[in-house]
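Observations on the three-dimensional arrangement
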Amino acid sequence: GLTLDSRQVEEGDFIDSLVDLTDTSVETAKLTFPNGGKLELLQYHSHKDLKLANHLNVNKIGHSHIALTVTDVPRTAHNIVCSGGTMLNSPRVSPDGRVQAVYCRDPEGNILELVEELH
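Starting from 1, residues in each chain are numbered consecutively following that chain's sequence as written. Note on the predicted model: pLDDT of at least 70 is required for a residue's local features to be given, and 80 or more for side-chain atom pairs to be given and counted; whole-chain, interface and lining totals, by contrast, use all residues. Here the side-chain values reflect all heavy atoms present in the structure, with hydrogen atoms and water set aside.

1. Details of the pattern of salt bridges
Just so we agree on the cut-off: A pair is scored as a salt bridge if a Lys or Arg side-chain nitrogen falls within 4 Å of a carboxyl oxygen belonging to Asp or Glu. Helix and strand definitions here come from DSSP, where helices need a minimum of 4 consecutive H or I residues and strands a minimum of 2 consecutive E residues; each element is numbered from the N-terminal end. Only protein chains enter the accessibility calculation, which uses a 1.4 Å probe; a residue whose area is less than 20% of its type maximum is buried, one above 50% is exposed, and one in between is partly exposed.
Scanning all chains against the criterion turns up three salt bridges. As a salt-bridge pair, D5 and K38 come within 2.8 Å of each other at their nearest N and O atoms. With a gap of 33 residues between them, D5 in strand β1 (residues 3–11) and K38 in strand β3 (residues 38–44) connect regions that are remote in the sequence. The exposure class assigned to K38 is exposed, which follows from its relative accessible area of 59%.

Structure follows, in structure tokens:
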């Protein structure tokens, strides 16, 4: 019952800096639920060494992170840090200028991707 919105392979400096890996190649599929809401699935074509994967790695099989669409990435990231979380990088604008995103960890170490759609 989900609708495929987009499917693409992401590579380059932006994705490397966002996920804190080098030479990243990750395929994404963005799906929309019938009543709203989105689900993004990722498959890393690079960084397949599963011996290194654990619950703190962005490229592990299974749940790696939760992506949230927010209205203000810097403010939301600041609130996470004030609550005991940490930043993995600073907010970055995508090369096409459509989104600002950042990866951080919540106070329990779970990876969160914060995404703000820019207009």
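Having seen the model, we can carry on.
2. Structural notes on the confidence of the model for the protein chain
Basically, it comes down to this: Per-residue confidence from the predictor is given as pLDDT, running between 0 and 100.
Per-chain confidence: the protein chain averages 86 in pLDDT, with 87% of residues scoring 70 or above. Between the elements of the protein chain, mean pLDDT differs from a low of 82, seen in β3, to a high of 95, seen in helix α2 (residues 73–82).

3. Re the nonpolar core
Here is the rule: The definition of a nonpolar core used throughout is a set of buried Ala, Val, Leu, Ile, Met, Phe, Trp, Tyr and Cys residues joined through side-chain atoms within 4.5 Å. In what follows, a contact means two residues having at least one pair of non-hydrogen atoms within 4.5 Å.
Formed by F14, I15, L18, V19, V26, Y44, A101, Y103, I111 and V115, the largest nonpolar core amounts to ten residues. Broken down by secondary-structure element, the contributors of at least two residues to this core are α1 (13–19), β7 (99–105) and β8 (111–117). For this core, the leading source of residues is α1, giving four residues. When sequence neighbours within four positions are dropped, the list of residues in contact with I15 reads E10, T24 and V26. Listed in part, the eight residues of the second largest apolar core include V70, V73, V102 and L114.

4. Digging into the environment of E108
When you line up the elements, E108 lands in the loop between β7 and β8. E108 sits 24 residues away from G84 along the chain, and the two C-alpha atoms are 8.5 Å apart.

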